[in-house]
Every structure is written in structure tokens, then in C-alpha cells.
Amino acid sequence: MHAGMMVALSSRALSPEGVRPVSVQKLDHTAGSGTGSEPSIACRAGAGAPATRRTVGDVTPRGNVLFITVDQWRGDCLSAAGHPVVRTPTLDRLAARGVRFANHWANIAPCGPSRATLHTGMYAQNHRSVLNGTPLDDRFTNTAREARLAGYEPALFGYTDTSLDPRTLPADDPRLATYEEVLPGFDVQLFNPESAGSPAWAKWLTAKGVEVPSNPQDLYLARDGYPGASDHGETWAPTRFAKEHSETVMVVEAFREWLTRGAGDAPWFAHLSFIRPHPPYRNPEGYHDVYAADDGEDFRGCAARDDEMATHPLAGVAISLPGVGCPTDERDRRQLRATYWGAMVEVDDRLGELFDWMDSQGLLADTLVVLTSDHGEQGGDHWLVQKLGWWDESYHVPMIVVDPRPEADATRGAVIEAVTEHVDVLPTLCEWMGLEAPLQCDGRPLQPFVHGTDPDDPKPWRSDAHWEWDFRDPVMHLGEDLFGLTMEQCAVGVLRTPDYKLVHFAAPPDVLPPLLFDLRADPGQVTNLAPDPGYASVMAELYEKMLRWRVEHLDRTLTGHFLSATGVVTRRDPRV
């Protein structure tokens, strides 16, 4: 795949204090000319072109990487997290083998933008791929390109929801007609874009003798005349495919076959990207009735739909949209949530089979396992489904890291309450691979938590979570025209501290006013305190924090360089 040209910055390893020493260098414009020990500037072309390797000291790659994403999995939906209904024995066991980050947040939704953050380590304010369909600038490195720098041949099983940079492709390239392309740098072992009808799944099913309709997604339609369907909510009846023919099974099977063929003879890097529990909200027989619609607690948010719609103009619009507002019938609303939970059980079961097999083959002994989700799911809370806006349910996601090294033994089974974010994932992978995190990264490695070498380390660490949401519409201009906004005004920034949540809109406040919630007094986040003069000082303090965060995380590609009479001075300080 043609990936265009990009600039790679290579430099001296971090000092023990985490601050790069000042160095002076001559500019070198030849590709791959750096030594890996002295800073240099090199050009890198494509996914596998020569580039200077940014090593952390003299560390070499530690072994295999298994990077797993499950799609649209809420952070509270783990039995290990105390969920009152959902049982996830496999993910619980995985957490017991490693560290579970209980306060982990996606930095943007939906799928494509969030995966752009996961794979670049950048906040959306910097990578700017803000919609499913907004191109990801090819100048950025990513998990696959970094893996190649470390000597891996990174393999993809599933999808990455990448919108490619159109400047790197011919004008008539078919990849410009979809947001579900492959992140540059991956070796595709299984590619199954949902928007194209899941073609790999269709081919796999056909090989197994399953009759596949012209649109394979029609297999998610309810079975006609299924006994008992009329006594349950709309999403209860099972799919038209059997549980052994699910897309989850296909990904696991492809990965096992790849390892069995000898892919594991050398250190490997595999990204398994599972579509479930992402909609359609319907499960195969055996998982369609795991939980009853009456299971679970009351929904979060306002008890009355009209009251929730009145909380904010944008909430009112979202709740009124088909496929975004949740079912108004209480039985269907509760059944949809139960169906969503059942999809989690299927993924948990199949991952259990995979991990048991890998364990029997000795493949987990030297494998870093990182598991997270691109974003969460409203699940009927706040009268919404899907993932959007400023609601916690859309951004709080699971994060589990299993490091097999002895230095991680003391923390196995630990639960970390510190705020971690998707921007930390790429730096964490890089540390394992023996690479210094790319300069573009806004996050930091999680190994200090995983290794537990110092109870005060890492320091300082963030106490707040930040995320963004963009509702611009370059095609139809719907939100813009509805509210009288420009595209750039269709942006939302969220600051979530231990005590408060501030929601700031780029639109004028008389059009889309800000929101303030007291998280301790109002965990359901239904009472907006922003108009209350008594909270003016709180608002001012939070706005100052949000502004400081944005300024501290501006692009720093060349801001640490200084052209002096004796050469280029470079310095890199750690992220805070």
C-alpha cells in the first residue's frame, strides 16, 4: 500500500529522570541515516521503509504482542468490575493475570476517530480524524508502523476503521469510497469491513456450506416465527446464523490458523479487532436469551424521555433520531440492553477458548496482552443507544494489560483507579517493543502501574479525563443548518474531574449552552448546574483546567527543536 512520505524523528533515550538531555546535531536529510543513539531527522516512505529506530536504552523487543479490541464494550460491563448482571469469567481471569485499569476512558467517539487515537496515541485535537470518514493524516506514525520499526510484521485480523489520507492515493482509488480501510503498516490476514457487508465473513461461511444472502448482514435479521418471540422484546429472537458461525468465531479461527502455520516461530505482533458487541442488537441462538429483559437496575438519566430531551438542545435532537434514541417501549428498551449484554457473553466465551488454547501451546508465556474497546454504548441510558456526546456510558471502557515479565508479578490482579486514556495505549505497546514512544503521542506508558516498582510512580499523573465529540456533517450540513453553525462550531470538549464534569460547546452559548454536573451529588448527571451563579467559581476553575490541558497538548513535532549557530538543539520533556 502506498503510504506517502512522512518525517520520523529519532533521538537520544530518556534520562533516568524522564527528561531528554539537550543535544546538538546536524540536520541529515537522508532516509534511515540516524544511528539510534544521536538525534537525527530522517525521511520514511511507506510502512516498511528504512527509518531510525528509537530504542529505550539498549532494550530489545521482549516477545509477542496480542492487541485486542472489542467493539462498543462499556467499562462497567465486567463481573470483575462489580456489574450486577453481566458475567465475564474470561475477562475476569485475564484481569487476574495482569492489571485492570478501572478508570479508563476513550478520548473520542465513534469508531474511526477513537481507533485513530488508539493507533496514534494522539488526542483528536491533534490527529483531527473526527468522524467516520474524516481522513487520518498520513504523516503520523501508528501502532503498525512502530511495530515494523521494532522488527515485527504486524498482522491484522478484523478491521481498523481507517479513513485513508486522500493525498496519498489516486483520485479514482476505491479506498476513497469507504472509512473502513486498513491502517497503513499492517499485514492483512483477515479484513472484514462491516460497511461492505462483511465480505470475509461471507466467504468463510460459504466455505462451511452456509447459504449466504446477497447482503451477508441480513443474517442478523430475526428468525421468522421463532417460538416465544412474541412474548419478548423486539431484539430477543435469534439471528439466522448459528453461534458457531459468528464473526467472533471467524476471527479466532483465523488467528489460530495463522499461529499454527508457523507465524509464531519468531516474535509476532497481532491485532485482533472483534466487531461484537457492536450492533446489530441481535445474537445467535444460545446467546439470545442469556439475560432476561427484567434483569438489571433502572436506567441512568431522567425517568421521563421528555425530561431528558429538555436537558440540552443537542440531547433533544439526538434522542429524537431513529437509531440513536432508544426504544420508547419499556420492554423493548430493556430487551435491547439484555441483548447487548448477551453479545458480551459470546465474545467472552470465544476469548476463553482462544486463551486456553494459547496457554496449552505455551504462547502466553512471552506475550504482552492488551485488551480494550474503542468506545462504550449508551444501552438505553439517557434514552439513547450507540456512542456519542458527553455521556460517560459512551467513553468509559475496559482496559486490561497482561505483562508476562517477572517484574509484573507483584501487581497481578491489581485494580488501578488512576485515570488512564486511549492515548496511553501506543506508548505502552512501544515500551514492550523496546521503542521510545513517538514524539506525537499525548499519553504515557502504563508499565509503571503494571510493574509497581514505586508506589509514587508514575509522577505526576493525570487526575482528570478528557474527551471530544464532533457532530459536523460535511455532506449534508444537517447539524450546522439546524443550529446555524459552521462545521468548526460543531465540536464538544469534555473535562471530567473526580468531582465535576464540564461540557463545553464550540457553538455560541446561547445556541448550545455549557453543562456542569456534580458527579458526587448527581451521579446520573441529570441536573445542569452551569446556569447557577453559585457555581461560577467552579466553572471558572474547570475552564482554566480545560484550557491548560489543550495548550499543554498542542502539536510538538518541532517545538522542542532550536536552530542555533552550532547546530540543532533538541529537547524532549515527558508528557504530564
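What you are looking at is a predicted structure, and each value in this text was computed from that prediction instead of being measured. (Residues numbered from 1 in each chain as written. Predicted model: local features only at pLDDT ≥ 70, side-chain atom pairs only at ≥ 80, totals over all residues. Heavy atoms only, no water.)

**Describing the environment of Asn528**
The criterion, for reference: Labels follow the DSSP assignment, with helices taken as runs of H or I lasting at least four residues and strands as runs of E lasting at least two, numbered in each case from the N terminus. Residue burial is assigned from relative accessible area. The probe radius is 1.4 Å, only protein chains are included, and a residue is buried under 20% of its type maximum, exposed over 50%, and partly exposed in between. A contact between two residues is defined here by any heavy atoms of the two lying within 4.5 Å. Definition of a polar contact: a pair of N or O atoms within 3.5 Å, with one able to donate and the other able to accept a hydrogen when the atoms are protein atoms, and with sequence-neighbouring residues admitted only if both atoms are side-chain atoms.
Its place among the elements puts Asn528 in the loop between strand S18 (515–518) and helix H13 (536–552). Of the residues examined, Asn528 reaches a relative accessible area of 25% and is grouped as partly exposed. Counting along the chain gives 13 residues from Asn528 to Leu515, while the straight-line C-alpha distance between them is 5.6 Å. If we skip the residues at most four places from it in the chain, Asn528 touches Pro514, Leu515, Leu516 and Phe517. Here Leu516 takes part through its backbone nitrogen, which lies 2.9 Å from a polar atom of the side chain of Asn528. Separated by 3.0 Å, the side chain of Asn528 and the backbone nitrogen of Ala530 make a polar contact.

**Points about unusual backbone geometry**
Residue Pro110 is bonded to the preceding Ala109 through a cis peptide linkage, with omega at 5°. Relative to the elements of secondary structure, Pro110 occurs in the loop between strand S7 (108–109) and helix H2 (111–120). Following Arg276, the chain continues into Pro277 via a peptide bond in cis, with omega recorded as 15°. In this fold, Pro277 is placed in the loop between strand S10 (269–274) and helix H7 (305–309). Unlike most non-glycine residues, Gln386 shows phi in positive territory, near 70°. By the element assignment, Gln386 lies in the loop between strand S11 (367–373) and strand S12 (399–402).

**Digging into the sheet that holds strand S8 (residues 155–158)**
What counts here: Only strands joined by at least two bridges in the DSSP assignment are considered to pair. Convention adopted: a line fitted to C-alpha atoms gives each axis, helices being fitted over their contacting stretch, and angles between N-to-C directions are expressed from 0 to 180 degrees.
Strand order in the open sheet made by the 8 strands is S9-S8-S10-S4-S11-S12-S5-S13, with mixed pairing throughout. Either end of the sheet is taken by a strand with one partner, and the two such strands are strand S9 (187–191) and strand S13 (414–416). With direction set aside, neighbouring strand axes in the sheet form an average angle of 15°. Looking at chain direction, strand S4 (residues 64–70) and S11 are connected through 7 bridges and run parallel. When the bridges of S11 are listed, Thr69 appears paired with Thr372.

**Side note on the packing of helix H5 (residues 199–207) against helix H6 (residues 247–260)**
Counted only if it meets this: Any angle that falls under 35 degrees is termed roughly parallel, while one over 145 is termed roughly antiparallel, one within 65 to 115 roughly perpendicular, and all others oblique. Under this grouping Gly is polar, as are all residues other than the nonpolar Ala, Val, Leu, Ile, Met, Phe, Trp, Tyr, Cys and Pro and the charged Asp, Glu, Lys and Arg.
Put simply, H5 and H6 touch, their axes get as near as 10 Å, and they point 80° apart. The angle between H5 and H6 falls in the class roughly perpendicular. On H6, the residues touching Ala200, Trp201 and Trp204 of H5 are Glu247, Val249, Met250 and Glu253. Considering only residue class, the contact of H5 with H6 consists of 5 nonpolar, no polar and 2 charged.

**Brief notes about the pattern of salt bridges**
Heads up, the rule is: Counted as salt bridges are all cases of a side-chain nitrogen of Lys or Arg within 4 Å of a carboxyl oxygen of Asp or Glu.
A full pass over the atoms with the stated rule returns 37 salt bridges. Of the charged contacts, one joins Arg167 and Asp137 as a salt bridge, the two residues approaching to 3.1 Å between their closest N and O atoms. Taken together, the residues Arg167 in the loop between S8 and S9 and Asp137 in the loop between helix H3 (124–127) and helix H4 (143–149) connect sequence positions 30 residues apart. By relative accessible area, Asp137 is classed as buried at 17%.

**Remarks on the nonpolar core**
Short version of the rule: For the purposes of this section, nonpolar cores are sets of buried Ala, Val, Leu, Ile, Met, Phe, Trp, Tyr and Cys residues that join through side-chain atoms within 4.5 Å.
Ranked by internal contacts, the top residues of the largest apolar core, which has 53 residues, are Leu66, Phe157, Phe255, Leu272, Leu351 and Met358. The greatest single-element share of this core, amounting to 11 residues, is contributed by helix H9 (residues 330–360). Leave out the neighbours within four places in its chain, and Leu272 touches Leu66, Phe67, Ile68, Thr69, Phe157, Val251, Phe255 and Leu354. Residues Val99, Phe186, Leu368 and Trp432 belong to the second largest nonpolar core, which totals 38 residues.

**Quick notes on the packing of helix H1 (residues 89–97) against H9**
Put simply, H1 and H9 touch, their axes get as near as 7 Å, and they point 45° apart. Comparing their axes, H9 and H1 come out oblique. Note on element contacts: H9 touches H1 through Asp348, Leu351, Gly352, Phe355 and Asp359, opposite Pro89, Thr90, Leu91, Arg93, Leu94 and Arg97. When grouped by side-chain class, the residues that make up the contact of H1 with H9 number 5 nonpolar, 2 polar and 4 charged.

**A short note on the sheet that holds strand S16 (residues 491–496)**
With mixed pairing, the 5 strands of this open sheet are ordered in space as S7-S15-S16-S17-S18. A strand with exactly one partner marks an edge of an open sheet, and here the two such strands are S7 and S18. Where S16 lies against strand S17 (residues 500–505), 5 bridges are found, and the strand directions are antiparallel. By the bridge assignment, Val494 is partnered in S17 with Val503. The strands touched by H13 are strand S15 (465–470), S16, S17 and S18; relative to S17, the strand with the most contacts, the crossing angle is about 70°.

**Let's talk about the side chain of Asp442**
Here Asp442 shows up in the loop between helix H10 (425–433) and helix H11 (447–451). Judged by relative accessible area, Asp442 falls into the buried class, the value being 1%. Side chain to side chain, Asp442 and Arg575 meet in a polar contact 2.9 Å long. In this structure, Asp442 is in contact with Gly121, Met122, Tyr123, Asn126, Val423, His553 and Arg575, ignoring residues within four places of it in sequence.

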